[in-house]
Structures are given as structure tokens and as C-alpha cells.
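Residue strings, one per chain:
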Amino acid sequence: MAEVLVYVDHADGAVRKPTLELLTLARRIGEPVAVHLGAGADAAAQTLGEYGAVKVLTADASEFSDYLIAPKVDALEAAYKAVSPVAVLVPSSAEGKEIAARLAVRIGSGIITDAVDLEAGAEGPVATQSVFAASYSTKSRVTKGTPVITVKPNSAAPEAAAAAGTVEQLAVSFGEKSTGTKVVSRTPRESTGRPELTEAAIVVSGGRGVNGAENFSLIEGLADSLGAAVGASRAAVDAGWYPHTNQVGQTGKSVSPQLYIAAGISGAIQHRAGMQTSKTIVAINKDAEAPIFDLVDYGVVGDLFEVVPQLTEEVKSRKG
Amino acid sequence: MSLRIVVCVKYVPDATGDRHFAEDLTVDRDDVDGLLSELDEYAVEQALQIADEADDAEITVLTVGPEDAKDALRKALSMGAHKAVHVEDDDLHGTDALGTSLVLAKALEHVGYDLVISGMASTDGGMGVVPAMLAERLGVPQVTLLSEVAVADGKVTGRRDGDAASEQLEASLPAVVSVTDQSGEARYPSFKGIMAAKKKPVESLDLTDLGLEAEEVGLEGAWTKVDEATERPARTAGTVVKDEGEGGKQLAGFLAGQKFI
Ligand SMILES: Cc1cc2nc3c(=O)[nH]c(=O)nc-3n(C[C@H](O)[C@H](O)[C@H](O)COP(=O)(O)OP(=O)(O)OC[C@H]3O[C@@H](n4cnc5c(N)ncnc54)[C@H](O)[C@@H]3O)c2cc1C
Ligand SMILES: Nc1ncnc2c1ncn2[C@@H]1O[C@H](COP(=O)(O)O)[C@@H](O)[C@H]1O
């Protein structure tokens, strides 16, 4: 059966959920072969096998962390040459897209980014994308070379499907040009203990209406009562009330949760671009004319300082 | 030796307008007003700041696009860039990211560069892949998605804020850089700048000038094909209630009904 390469996103062997989604989608096209770079291959292989990886190609070298992007492209290219896959799937993170972009140039293949669904087609995999701030949905395919496709988080529900997950070492040699950009230092982000924004089933976001960094505790309180991730509009981020990593929208994260709650956010096109594919959308805004209300399944016209605390209390008491 | 900075800028349909697909499923660029991609203004701004710090620097703005894309070049020139290069050819219609990066790479080699600066993504296609493709094609270091950037002693340094960590990066020139919208507000063109821009040189190049064949680019040469584009049905109007003191509880009731609680 045809093989599909899946690039693994992980933290020291702990495989992130979007990769499990990729394995699930890969099985619609062929047999997934996972490419795992860095430490923790054995731990990762266990999970990858559970979700259908027949093989796990792994390489560990200091180059992966000492230099930006290019060494990982060298490794993915080596895996591509070893396997001759029918497609290469990569998670749609900032880094994933850059790796995929360079691989596409190197192997002379077309690339599709930010797919939200994938199916087998008569002429190769067909990718669904959501474009123009999600006002259009397109179906595309790669017409030259081996399709390289990056897939957004929350594009599929991960389905377990036991496979061998046999670990094999991948030999990688790094090109001279691949060590041009040195990572001089790295400051890991502190964990908040909340779900990852892009992976979360529920996201609660605050905007300019939250009116101050200290008031974001209201948004966090609601998020915690629901087990949700916290997002912010660019206005809130630019004001310095919440970190940029939590920004939702065109120049922040694109999220597609089951439930998106926007509090004190007007719903500008650039914000909508990052949340419009959410399944259920709820807004709290004191302006009945705010464009966000055009998107909602349920909206409350009111002061978030009244509505949010009451909602949080009610959620807590209903959950018991 | 002067520092040769080339800023890649794209002319895009206005995101706040009604964007559509043309009949051949390429982005409709006729019915919508276009402008210099707002995210590329940040690239122009950083180029201007780097040039200020350098003893001697020359900023060229480069675009691949239709006739109207000159507007984007003019805007960048009025912000303070020195000259412009416009790659324009009927055969470019429908070119995808791989094709665009090929044309840009050829144009960069033609113009000459020490530092290439791009935006983080175009506001229309928004793939955010062209800078990485350029680094790959040119065989120079990729120093991308920077929220802070500086050039000194033949080196570019910068901070890349990733999901898992914030990284400090360093590479020797020549290099390809891309900057995010966190890198600092772009300046508004001054009246003097707008007047001066009218006299700045804009060089036009076509595929032949770059040694490229029509088959390598355009819709026919594209490496991907859009088979279908459907307008998403407008979301069905939801329930909107006015808070009369029970808004939070009513919302909780809705969430419970949807099994979120
Ligand atoms: C190139 C570019 C990229 C961009 N990228 C992004 C992006 O990634 N993400 C993003 O979010 N934006 C982005 N923007 C900015 C975007 O255009 C908007 O400016 C921004 O989304 C506005 O944020 P906001 O809704 O919080 O603020 P506002 O538009 O000011 O809205 C605040 C809302 O809060 C309501 N409000 C105020 N007080 C209360 C209260 N007490 N209770 C209830 N409601 C209240 C108001 O009625 C108002 O509707 C981008 C812009 C550009 C040009
Ligand atoms: N047609 C183009 N002409 C010049 N620069 C471009 C063009 N397309 C993309 N770029 C540059 O590449 C960046 C990323 O674009 P993209 O990969 O299309 O999201 C943009 O911010 C521009 O700096």
C-alpha cells in the first residue's frame, strides 16, 4: 500500500494532538509513516503506533535545535527519499509551514497550506481550505510532484488504529547551507496549565472591552470553569493586557474549536479570519450593532463585567 | 560598500472589501480595490530603520504583480524606499507561491541584494511560505518571523517568538528575513515623501528579462489546482438577547442545552 509521510510535532516524545489528527487523515490516503526528529522516539512511537503509524523514522542531532528550520528539512527530505511516499503531511504551525515550503521547493512538488480536511481523490489527495476569512471554502489538489500538505489543528477527530509503529533510524546529513541560521538562545514559554489555544475544544477570548490586564482574570475565570483556552483580540494584545501568543486572528492563531466565546470583541474581519470556522460561536458585547453578532449562535447584548461573572458562577454551580 | 536591502511587497485586494474568486478560480483582482499588503508595511518600516543605522544603505522595493501593483510600490517609495522593481508579465496571471518565489528569486539575483526583507504573510493568500522558499532557492540563511531585527557587522540578528519558545537568532549576510506585525508600527508617508516618490525610479522587468519561460509560471505552470470554490453559506442567524440582569444565566442555559456544560 502507498505510504504517506507524517511529520511529527512533539515535545521530547510527547506527541501533540494535531499530529494524531494528521495520522487519522493520512489513513484515508495510505499507510502513515511518521517522521520524528529529536529526543523521545520510543515514547512517541508508542502513541504514533496506536494512531496508525506503521513505521516511525527517527533522527536525533544537535543541529535540529541549534539551527533554524533547514536541518529539519534535510531530515524530512531524507525520509522522503527513503520512502517515496504519495503525500507528505505536516502540521500547520508557523514552523511546520516553513519546513513544508522548503521541502516542496527541494523535491519539486506543489504545496497546499492550512487544509481543514483531506480526502482521497482520483488524481491524488483533495484538500479543503477555508479562505478569505472563511467566507469561501475551496477544494484543491497538487498537480506536480508529491503533494506536500499542511493541515490545521482541529481538522479531524483523532481515531486510534493500532499499527506496528516500528522505530527505524533515519540517516541524515546536513547541508552546509542548512546551518546558516544559529539559534543563539532559547527561552521556553511558561506553561499556564490551560489547554493549547489551537487544540482546545473551547476558547474564551477577551478584547478591548475587557479594559485592562487585571480584568483578564474574569476571562480566565470563565475559561477555567469550562476547561477552555484563553484567547485575545489584537487590540487587547497591543494594549499589553495579554501575551501575543494568545492572539486570535489573521496575525495570531487560527482556532477552530467546538465553542468560541468572544467577550468585548467587535468582530473585525482580521479577528474573524482566525475564529470563523468555530462550530458554535457566542458573544457578549454591550453594542448591539457589533459585527460579531452576525456570526453568533447565541449572543448577549450587555456589559461583560455583569454577564461574565454571572455566567462563570452559573457554569460552576451547574457543574457542581 | 553600501548595504543593499530589497523589500518584497505584495499588492493585495483590500481585506475589508468583498473578496471573490474569478471564473478561472484565481483571486479576483479586478472588482476589488487593491493596496500594499498591510503586513508588508512592517517590512518596509524595518528596512528604513536598518538603513538609518547603517552608514550607507539602499532600499529597493520589489513586487511581482499586475499593472496596478505599481500603487504598492509607490506607497513603499513614499514611506522612504529609494527605488522600485516591478516584475510584470501577462503570463504571470495565476502564479502560485512556488512560482512567485521562483520569479522573486530570479529578480533578486538580477537586482543584487545583501538583505531581503519580507512580510510575515500576504493578507490575501496568507500562506506565509514565500520567505522560506526564497531562502531555499537562493541558498542563503532564513531568519524569519522576527518581532525584533537588527543588522551590524555583516550579521543579522533577531528575536523569533514561537509557540514553545522565544528564540534569539543570528546569521551572516546575505540572508532572507521576514518580520511580524509585532516588529513596530509602520510610519505614514509624509507629504514630502509622497512628492519625492513620484520622481523615484521604477524599473519594469518581464519574464524574458529574468530568463524565465511562460510555462514555468502562471495558471498553467501552477503546481496546485483549485477545483472548486464555494461561498460559505452565511451563518444562520442566532439568538441575541439583551441582558436584563439574567444574561449570564440565559447564556449558561444555552451552553447547557448544547452540552458544553
Ligand atoms: C494587517 C492586520 C492584521 C490584524 N490581525 C489581527 C488579529 O490577528 N487578531 C485581531 O483580533 N485583530 C487583528 N487586527 C485588528 C483588527 O482590525 C481590530 O482592530 C481588532 O480585532 C479589534 O479588537 P477588539 O474587537 O478587541 O476591539 P474593538 O474593535 O475596539 O472592539 C471592542 C468591543 O468591545 C465592546 N465593549 C466595550 N466595553 C464593553 C463591556 N464593558 N462589555 C461588553 N462589551 C464591551 C465594544 O462594544 C466593542 O464592540 C489586524 C489588523 C490589521 C490591519
Ligand atoms: N507577488 C509578490 N511580490 C512580492 N513579494 C511577495 C509576493 N508574494 C509574496 N511576497 C512576499 O512574501 C511574503 C509572504 O507571502 P505569502 O507566502 O504569500 O503569505 C509577503 O509578506 C511578501 O513580503
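The following paragraphs examine the structure supplied in this document. Source: prediction; values computed, not measured.

The rules behind each value
Residues numbered from 1 in each chain as written. Chains lettered and ligands numbered in written order. Predicted model: local features only at pLDDT ≥ 70, side-chain atom pairs only at ≥ 80, totals over all residues. Heavy atoms only, no water. Phe/Tyr/Trp six-rings, centres within 6.5 Å; stacked < 30°, edge-to-face > 60°. Helix = DSSP H or I, 4+ residues; strand = E, 2+ residues; numbered from the N terminus. Buried < 20%, exposed > 50% of the residue type's maximum accessible area, 1.4 Å probe, protein only. Pairing = 2+ DSSP bridges. Axes fitted to C-alpha atoms, helices over the stretch in contact; angles between N-to-C directions. Contact = heavy atoms within 4.5 Å. Patch = residues over 30% accessible without salt bridge, like charges linked within 9 Å, V, L, I, M, F, W, Y side chains within 5 Å. Areas by Shrake-Rupley, 256 points an atom, 1.4 Å probe, with all protein chains shown as cover. Salt bridge = Lys/Arg side-chain N within 4 Å of Asp/Glu carboxyl O. Near = heavy atom within 4 Å. Polar contact = N/O pair within 3.5 Å; in protein donor to acceptor, adjacent residues only side chain to side chain. Nonpolar A, V, L, I, M, F, W, Y, C, P; charged D, E, K, R; others polar. Parallel < 35°, antiparallel > 145°, perpendicular 65-115°, else oblique. Left-handed = near helix turned anticlockwise from the far one by under 90°.

This part is about the packing of aromatic side chains. Under the counting rule described, the total for this entry stands at three aromatic pairs over all chains. Where A:Phe216 meets A:Tyr242, the ring centres are 4.5 Å apart and the plane angle is 20°; that geometry is what we call stacked. Note that A:Phe216 is positioned in helix α6 (residues 216-226) and A:Tyr242 in the loop between α7 (234-238) and β15 (259-263), a separation of 26 residues in sequence. According to the relative accessible area criterion, A:Phe216 is buried, its value standing at 1%. When the centroid spacing of 4.7 Å and the interplanar angle of 20° are considered together, the rings of A:Tyr298 and B:Phe254 count as stacked. Within this pair, whereas A:Tyr298 is found in strand β17 (residues 298-301), its partner B:Phe254 is found in helix α7 (residues 247-257), the two belonging to separate chains.

Moving on to the sheet that holds strand β11 (residues 202-205) of chain B. Spatial ordering of the open sheet is given by β12(A)-β9(B)-β8(B)-β7(B)-β10(B)-β6(B)-β1(B)-β4(B)-β5(B)-β11(B), a layout of ten strands whose pairing is mixed. Strands with a single pairing partner mark the edges of an open sheet, and in this sheet they are β12 (182-188) of chain A together with β11 of chain B. The average angle at which neighbouring strand axes cross in this sheet is 30°, direction not considered. With three bridges joining them, strand β7 (residues 142-152) of chain B and strand β10 (residues 175-179) of chain B adopt parallel strand pairing. Bridging from a neighbouring strand, B:Val143 pairs with B:Val177 of β10(B). Along the sheet, helix α5 (residues 94-107) of chain A contacts β7 and β8 (155-161) of chain B; its crossing angle with β7(B), the most-contacted strand, is approximately 90°. Packed on one face of the sheet, helix α1 (residues 38-53) of chain B meets β1 (3-8), β4 (57-64), β6 (115-119), β7 and β10 of chain B and runs near 150° to β6(B).

This next bit is on a nonpolar patch on the surface. All names here are of chain B. Where nonpolar side chains cluster on the molecular surface, the patch consists of Phe191, Ile194 and Met195 and spans about 310 Å² of accessible area. Relative to the elements of secondary structure, Met195 occurs in helix α5 (residues 191-197). For Met195, a relative accessible area of 37% corresponds to the partly exposed category.

All names here are of chain B. Ligand 2 sits among 19 residues. The nearest are Cys8, Asp40, Ser122, Gly128 and Val129. Contact between ligand 2 and Val64: a nitrogen atom at 2.8 Å from a main-chain N or O atom of the residue. Here an oxygen atom of ligand 2 sits 3.2 Å away from a polar atom, N or O, in the main chain of Met127. Considered on its own, ligand 2 offers 480 Å² of accessible surface; in the complex 97% of this is hidden by protein. Contributions of two or more residues to the shell around ligand 2 are made by β4, α3 (97-111), β6 and α4 (130-138). Sorting elements by how many residues they give to the shell around ligand 2 places β4 first, with three residues. Classifying every residue of the shell around ligand 2 by side-chain character gives ten nonpolar, seven polar and two charged.

What follows is about the environment of B:Thr123. Topologically, B:Thr123 is positioned in the loop between β6 and α4. Separated by 86 residues in sequence, B:Thr123 and B:Ser37 place their C-alpha atoms 6.1 Å apart. Beyond its immediate sequence surroundings of up to four residues, B:Thr123 is in contact with A:Gln250, B:Val12, B:Arg19, B:Ser37, B:Glu38 and B:Leu39.

Residue and element names in this part refer to chain B. Running from amino to carboxyl end, α1 crosses helix α2 (residues 70-79) at an angle of 30°, the nearest separation of the two axes being 10 Å. With respect to α2, the axis of α1 lies roughly parallel. Every pair of crossing elements has a handedness; the one defined by α1 and α2 is right-handed. When α1 is examined against α2, the residues Glu41, Val44, Glu45 and Leu48 are found in contact with a partner set consisting of Lys75, Ala76 and Met79. Its residues assigned to classes, the contact of α1 with α2 shows four nonpolar, no polar and three charged.

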